[in-house]
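Understanding the architecture of this molecule
If you want the building blocks of each chain, they are given just below.
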Amino acid sequence: MKKPEKGNLLIAEPSIIGDLSFNRAVVLLADHNDLGSVGFILNKKLDFYLKDLIEDTDSEFPVYNGGPVEQDNLYFIHKSPDLIPNSIEISQGIFWGGDFSTVLELINSKKITCEDIKFFLGYSGWEEKQLNDELDSHAWVVSKNTYKNQLISKCCEEFWKEKMLEMGGEYSIWSNAPENPSYN
């Protein structure tokens, strides 16, 4: 088992079936240390856009379910630290947060696009040792982010299926299984 690190991807094992938040999830670990872990689910798009949440924009930027924690808060990752002050690097050119008023100005003036930034309601969080326990119980597969900052535009609803096929072997079988096995 590979140890998780900030910037890695967590791919939900097929055994997580029934967990509404994490079934078929691909999570970017935004932080991982001895006190716990924070991540964002990359492939669970919600049915609304940024303009539905923020009055000061009419943008069609999609919003994703970042995880079950603090779902009334908006978070974002991006690849534009030179334009967005106070950004925190996750790894490989992916940044977390920054000055939100600047983000709105950049969106409204079309200086950043959906290829540059991704928005989430909520985040995924693990307390001290919780993620390691879940890894020991085979709930997740840790994967290196080979996409670097292109991950922001790469992610789609089919991302989990693509990762299953990429891992091969027994995972390939799961790539075509219905999301809910009782539908089979």
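Our subject is the structure that appears above.
The present account deals with the structure reproduced in this document.

1. A look at the pattern of salt bridges
Within this structure, the stated rule accounts for two salt bridges. The partner of Glu-60 in a salt bridge is Lys-51, and the shortest N-O contact between them spans 2.5 Å. A relative accessible area of 45% places Glu-60 in the partly exposed class. Linking Glu-166 and Lys-163 is a salt bridge whose minimum nitrogen-to-oxygen distance equals 2.8 Å. Here the residue Glu-166 and the residue Lys-163 both occupy positions in helix α5 (residues 159–167), the gap between them amounting to three residues, near one helical turn.

2. What to know about the packing of aromatic side chains
For the coordinates displayed, the defined rule picks out 12 aromatic pairs. Geometrically, the ring pair formed by Phe-22 and Trp-126 is stacked, given 6.1 Å between the ring centres and 25° between the ring planes. Highlighted residues: Phe-22 in the loop between β1 (9–12) and β2 (26–33) and Trp-126 in strand β9 (residues 117–127), separated in sequence by 104 residues. The exposure classification of Phe-22 matches that of Trp-126, with both residues buried. Ring geometry for Phe-22 against Trp-140: centres 5.3 Å apart, planes inclined by 80°, an arrangement best described as edge-to-face.

3. Remarks on the side chain of Ser-37
Relative to the assigned elements, Ser-37 resides in strand β3 (residues 36–41). Exposure remark for Ser-37: the relative accessible area of 5% places this residue in the buried category. At a separation of 2.5 Å, a polar atom in the side chain of Ser-37 contacts the side chain of His-32. When near neighbours in sequence (up to four residues on either side) are disregarded, Ser-37 contacts Leu-29, Asp-31, His-32, Ser-124, Gly-125, Trp-126 and Leu-131.

4. Re the pairing of strand β5 (residues 62–65)
A two-sided burial pattern is seen for β5, the buried positions comprising Pro-62 and Tyr-64 on one face and Val-63 and Asn-65 on the other. Alignment of strand β4 (residues 45–49) against β5, held across two bridges, turns out to be antiparallel. When the sheet's bridge partners are listed, Lys-45 is paired in β5 with Tyr-64.

About the thresholds
- Residues numbered from 1 in each chain as written.
- Predicted model: local features only at pLDDT ≥ 70, side-chain atom pairs only at ≥ 80, totals over all residues.
- Heavy atoms only, no water.
- Salt bridge = Lys/Arg side-chain N within 4 Å of Asp/Glu carboxyl O.
- Buried < 20%, exposed > 50% of the residue type's maximum accessible area, 1.4 Å probe, protein only.
- Helix = DSSP H or I, 4+ residues; strand = E, 2+ residues; numbered from the N terminus.
- Phe/Tyr/Trp six-rings, centres within 6.5 Å; stacked < 30°, edge-to-face > 60°.
- Polar contact = N/O pair within 3.5 Å; in protein donor to acceptor, adjacent residues only side chain to side chain.
- Contact = heavy atoms within 4.5 Å.
- Pairing = 2+ DSSP bridges.

Scope: geometric values only; no functional claims are made or implied.
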